[in-house]
Amino acid sequence: MLGSQGLDAVFGGVLGLLVGSFLNVVVYRVPVMMYRQWLNDAIGNLMKVDGVPSLWSLVFGPNANTPPALEKAATAAAEQVDALPAFNLMRPASRCGHCGAPVRFYQNVPVISYLFLRGRCASCKARISLRYPVVELVTGALFALCAWRFGLTMTGALWAAFAALLVCQFLIDLDTQYLPDSLNYALLWLGLIGAALGLTGVPLASAIWGAVFGYLGLWLIYHAYRLATGKQGMGYGDFKLLAALGAWLGSGYLIAIVLVSSLVGAVLGSILLLAGKLAHKDIPISFGPFLAGAGLVCLVAGPDTVRQWIPFAFPLG
Ligand SMILES: [Zn+2]
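Residues numbered from 1 in each chain as written. Predicted model: local features only at pLDDT ≥ 70, side-chain atom pairs only at ≥ 80, totals over all residues. Heavy atoms only, no water.

1. Thoughts on the coordination of the zinc ion
Coordination angles at a metal have ideal targets, namely 109.5 degrees for four tetrahedral donors and 90 or 180 degrees for six octahedral donors. Under the convention used in this document: A donor here means an N, O or S atom no more than 2.8 Å from the metal, or no more than 3.2 Å when the metal is Na, K or Ca. Since water is not included, a site may seem to lack partners. The geometry test gives tetrahedral to four donors whose angles all lie between 85 and 135 degrees, gives square planar to four donors and octahedral to six donors whose opposite members are over 155 degrees apart with all other angles between 65 and 115, and gives irregular to the rest. Helix numbering and strand numbering both begin at the N terminus, where a helix is a DSSP run of H or I of at least 4 residues and a strand a DSSP run of E of at least 2.
Within the protein, the atoms that donate to the zinc ion are Cys96 (SG), Cys99 (SG), Cys121 (SG) and Cys124 (SG), at distances of 2.3 Å. Every donor counted, the four donor atoms about the zinc ion form angles of 104 to 116° at the centre, which fits tetrahedral coordination. Each donor residue of the zinc ion belongs to the same chain, and together they define the spacing C-x2-C-x21-C-x2-C. Residue Cys96 is located in the loop between helix H3 (68–83) and helix H4 (112–116), and its partner Cys124 is located in the loop between H4 and helix H5 (131–150); the two are separated by 28 residues in the primary sequence.

2. Quick notes on unusual backbone geometry
Look at the link from Arg91 to Pro92: it is a cis peptide, with omega at -5°. As for its placement among the helices and strands, Pro92 is situated in the loop between H3 and H4. Positive phi is not limited to glycine here, since Val111 has a value of about 60°. Among the secondary structure elements, Val111 is positioned in the loop between H3 and H4.

3. Comments concerning the pattern of salt bridges
Between side chains of opposite charge, a pair can form when the charged atoms approach closely. Here is the rule: By convention in these notes, a salt bridge is any Lys or Arg side-chain nitrogen within 4 Å of a carboxyl oxygen on Asp or Glu. A simple rule labels every residue: compare its accessible area, found with a 1.4 Å probe on the protein chains alone, to the largest value its type can have, and call it buried under 20%, exposed over 50%, or partly exposed in between.
With the rule as written, the count across this model stands at two salt bridges. A salt bridge links Arg131 to Asp175, with the nearest nitrogen and oxygen atoms 2.9 Å apart. One end of the pair, Arg131, is in helix H5; the other, Asp175, is in helix H6 (residues 154–176), with 44 residues separating them in the sequence. When its relative accessible area of 43% is taken as the criterion, Asp175 is described as partly exposed. The salt bridge partner of Asp181 is Lys240, with a shortest N-O separation of 2.7 Å. Taken as a pair, Asp181 in helix H7 (residues 181–196) and Lys240 in helix H9 (residues 236–249) lie far apart in primary sequence, 59 residues in all. When its relative accessible area of 34% is taken as the criterion, Asp181 is described as partly exposed.

4. Quick word on the UniProt feature "transmembrane region" (unreviewed entry) in the protein chain
This is how it is decided: UniProt positions are given in the numbering used here, feature names are shortened, and annotations may be inferred rather than shown by experiment.
Here the UniProt-annotated "transmembrane region" (unreviewed entry) positions come out as residues 6–28, 156–172, 184–202, 245–271 and 283–302. As a span, residues 6–28 carries 100% helix and 0% strand, and end to end its C-alpha atoms are 33 Å apart. Secondary structure within residues 245–271 divides into 85% helix and 0% strand; the distance between the first and last C-alpha atoms comes to 24 Å.

5. A look at the domain arrangement of the protein chain
Inclusion rule: Here the bounds of each domain stem from an automatic or database domain assignment. Put simply, buried area is the surface a 1.4 Å probe can reach on two separate parts but cannot reach once they are joined, added for both.
For the protein chain, the domain assignment lists domain 1 (1–151) and domain 2 (153–313). Taking only C-alpha atoms, the centre of domain 1 and the centre of domain 2 are 22 Å apart. Roughly 1,700 Å² is buried in total at the junction of domain 1 and domain 2, and carbon and sulfur atoms are behind 80% of that figure. Considering only the side of domain 1, the residues that lose the most area to domain 2 are Val27, Leu142 and Phe150, jointly responsible for 28% of the buried surface there. Counting across the domain 1 and domain 2 interface gives one salt bridge.

See the structure below:
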């Protein structure tokens, strides 16, 4: 018989499989939503809006106007963007990326549908990426772990949210080289709120300094590297992600997170190299997946275990 801890883990695991299915949608759609917003903003900035000075005049002086040809093009582009159908996490319903056939609810059961359909679309038999069931299984395992360790409590729910957001950032950065602000800030705020409510076990001051030094530390490294080499080694999304991890684990863990992320980078780099993904050396691989991976390693191993692995990474904490 399963004890109550086991039942919690089973419940968490099933919930995690369902959430994992949703994360697949998030990972695909959030970047597209972000790109659409950027395009919309860029177009809007070129167009004249009544009473509001155009960006053109703010940059080139009060008497400068957006060149007519550019404004005309922007207006035409705005019509195209406005005519696009709604695109968010709910709409449109999931479709096969190959033939466009709608995915029925019974074809959307995590993992099981994939096995039942033998990894192919029910209509056109195009291959469905193995990544979908893998993301569902990993999310299920992470949620089961959170429920096992913390029970069905607010603390368990909070760490499950931590895991879910990191899974998203890991994959989105791998796909696009971006770490969307919407997810980074959700992670940061949840970490600070969790500390303020005493749910993550990190003193609030340590969470705040973790966020501050996480951001500043990478910011300094970034600018030092840029001045020394003229290259950009990472992006501002990385600073925000380390800030968020600092809020969750506390300022004392920052050096450890960076060390673990190098380890994750070495492992992940080897796997991608073996899988032939890095055949072209000019494909940039960003720092975000390593940071997100380090956060997940800290969750799975437990912060105290990380402290035992690399005691020298805690000079102050
Ligand atoms: Zn299809």
